[in-house]
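Each chain, letter by letter, is given below.
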Amino acid sequence: MPSRTLESGMKAKESLLEQNPNSKLDVMEMDLSSLESVRKFAQSFNSRNKHLNILINNAGIMACPFQLSKDGIELQFATNHLGHYLLTSLLLDKLKTTAKETGIQGRIINVSSTAHRSSDGSFFDLEKLNDQSRYKPFGAYAHSKLANILHANELSRRLQEEGSDVTANSLHPGVIVTNIGRYLTSNAVVFTLLATLVKPFVKSIPQGAATTCYLALHPNLKDVSGKYFANCNETTPSAKARDGELGKRLWEFSEELLQRSSKATK
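First things first, this report covers the structure right here in the doc. Nothing here was measured: the structure is a model prediction, and the numbers come from that model.

Considering the overall build of the protein
Scanning the protein for helices and strands turns up eight helices and seven strands. Counted over contacts in the protein with a minimum sequence separation of 6, partners at least 24 positions apart contribute 77%. Looking at the protein as shown, the accessible area adds up to about 14300 Å², and 52% of this sits on carbon and sulfur atoms.

So, the sheet that holds strand E3 (residues 54-57)
What the five strands build is an open sheet, ordered E3-E4-E5-E6-E7; its pairing is mixed. Each having just a single partner strand, E3 and strand E7 (233-235) make up the two edges of the open sheet. Pairs of neighbouring strands in the sheet enclose a mean axial angle of 35 degrees, with direction left out of account. The pairing of E3 with strand E4 (residues 106-111) spans four bridges and is parallel. Following the sheet pairing, isoleucine 56 is matched in E4 by isoleucine 109. Contacting E3, E4 and strand E5 (166-172), helix H3 (residues 75-102) runs over the sheet at an angle of about 165 degrees to E3. Along the sheet, helix H7 (residues 205-217) makes contact with E3, E4, E5 and strand E6 (228-230), crossing E4 at roughly 160 degrees.

Thoughts on unusual backbone geometry
Here asparagine 49, not a glycine, exhibits a phi torsion of approximately 55 degrees, which is positive. Position of asparagine 49 among the secondary structure elements: in the loop between helix H2 (35-47) and E3. The class of asparagine 49 is exposed, set by a relative accessible area of 65%. Despite not being glycine, cysteine 232 has its phi angle at roughly 60 degrees, a positive value. Within the secondary structure layout, cysteine 232 lies in the loop between E6 and E7.

Examining the packing of aromatic side chains
The relative placement of two aromatic rings is captured by the distance of their centres and the angle of their planes. By the definition in use, this model includes nine aromatic pairs. When the centroid spacing of 5.1 Å and the interplanar angle of 75 degrees are considered together, the rings of phenylalanine 66 and tyrosine 135 count as edge-to-face. Remark: tyrosine 135 occurs in the loop between helix H4 (126-129) and helix H5 (137-162) and phenylalanine 66 occurs in the loop between E3 and H3; sequence separation between them is 69 residues. Relative to phenylalanine 229, the ring of tyrosine 214 lies with its centre 6.3 Å away and its plane at 65 degrees, an arrangement referred to as edge-to-face. Taken together, the positions of tyrosine 214 in helix H7 and phenylalanine 229 in strand E6 put the pair 15 residues apart, joining distant regions of the chain. Cluster of aromatic residues (ring-pair linked, three or more members): Phe77, Phe123, Phe124 and Phe253. Arginine 158 extends its terminal NZ or CZ atom over the ring of tryptophan 251, reaching a point 4.1 Å from the ring centre.

Focus: H2
Between the first and last C-alpha of H2 there are 18 Å, a value that for 13 residues agrees with the 18 Å anticipated at 1.5 Å per step. Of the residues trailing H2, asparagine 49 is marked for its positive phi of about 55 degrees.

What to know about the pairing of E3
Residues Leu55 and Asn57 point to one face of E3 and are all buried, whereas Ile54 and Ile56, pointing to the other face, are not buried. After leaving E3, the chain enters H3 and then returns to the sheet as E4, a path that is right-handed.

Considering the state of the cysteines
Applying the stated criterion across every chain yields a total of zero disulfides. Considering cysteine sulfurs only, cysteine 232 is the nearest to cysteine 213, which forms no disulfide, with 8.6 Å between them. Judged by its relative accessible area of 42%, cysteine 213 falls in the partly exposed class.

Some details on the nonpolar core
One recurring pattern in soluble globular proteins is that nonpolar side chains are buried together. Ile73, Phe77, Leu91, Ile108 and Phe123 are the most contacted members of the largest nonpolar core, which totals 41 residues. Of the residues forming this core, the biggest block, nine residues, is contributed by H3. Leave out the neighbours within four places in its chain, and isoleucine 73 touches Gln67, Leu68, Ala78, Leu82, Leu126, Leu129, Asn130, Leu257 and Arg260. The next biggest cluster of nonpolar side chains, apart from the first, holds eight residues, and it includes Ile109, Val111, Ala216 and Phe229.

Section: H3
Between the first and last C-alpha of H3 there are 37 Å, a value that for 28 residues agrees with the 40 Å anticipated at 1.5 Å per step. The element H3 is largely enclosed, with a buried count of 21 among its 28 residues. The N-terminus of H3 is capped by glutamate 74, whose side-chain oxygen sits 2.9 Å from the backbone nitrogen of glutamine 76. Count one or two residues on from H3 and you reach glycine 103, which has phi positive near 75 degrees.

Definitions and cut-offs
Residues numbered from 1 in each chain as written. Predicted model: local features only at pLDDT ≥ 70, side-chain atom pairs only at ≥ 80, totals over all residues. Heavy atoms only, no water. Helix = DSSP H or I, 4+ residues; strand = E, 2+ residues; numbered from the N terminus. Contact = heavy atoms within 4.5 Å. Areas by Shrake-Rupley, 256 points an atom, 1.4 Å probe, with all protein chains shown as cover. Pairing = 2+ DSSP bridges. Axes fitted to C-alpha atoms, helices over the stretch in contact; angles between N-to-C directions. Buried < 20%, exposed > 50% of the residue type's maximum accessible area, 1.4 Å probe, protein only. Phe/Tyr/Trp six-rings, centres within 6.5 Å; stacked < 30°, edge-to-face > 60°. Lys NZ or Arg CZ within 6 Å of the ring centre and 35° of its normal. Expected span 1.5 Å × (residues − 1). Right-handed = clockwise from strand over helix to strand, strands pointing away. Disulfide = S-S within 2.5 Å. Core = buried A, V, L, I, M, F, W, Y, C linked by side-chain atoms within 4.5 Å. Polar contact = N/O pair within 3.5 Å; in protein donor to acceptor, adjacent residues only side chain to side chain.

Keep in mind these values describe shape, not function.
Written out as structure tokens, the structure reads:
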């Protein structure tokens, strides 16, 4: 269980152990907004020589005020996409090796959002991405969620091309009342009131996790890759999310950002 802080991770672990005392859980620290933290996590995990069958890229922030990450990248894009992109890249060999050694197909799942439909795909320029005068909190979130789908699709294409027994898919979990929406209003009382009003029309946390679990575990998903799901069913994302050339451009842009970060730390 990667967690931004060990304290929050241990609380989650304790809660899960209360529900299932036989669980075997290991908490490791990782801040997805920091590329250095992601690299340290991956190095530590890979050194343990453990199998890795499933990678769920689930963490994220939504509609926060404008901020730059430690690496000088708009925070939502850095956390929701680039951190996951780097993590997946660093763990990919482990997933491939595990699939060969166990005979069990590896699965990569990117948790996106229907909010991706609001993105026009114009986020492949760091100056524009980091321009505070252009920044729109929910617009930046939509860009990052489109990136989650494009990443999964391009990764799937590459995995199939090389014949790897690993799949990559993306999903919309549904509208769920969690603290991810805490930035939508600066007034905590108003947010609590709104959450209470919409609660009858949204999913519970277990319902919201259902599609993720379906993609990670269901036998019907064997060999299914490069698809987008909602409510445990394959569905059609936006035209931008289905644009293969856009996916390739995002891949190149992501690599450029990683190279820029690597040079800056030397």
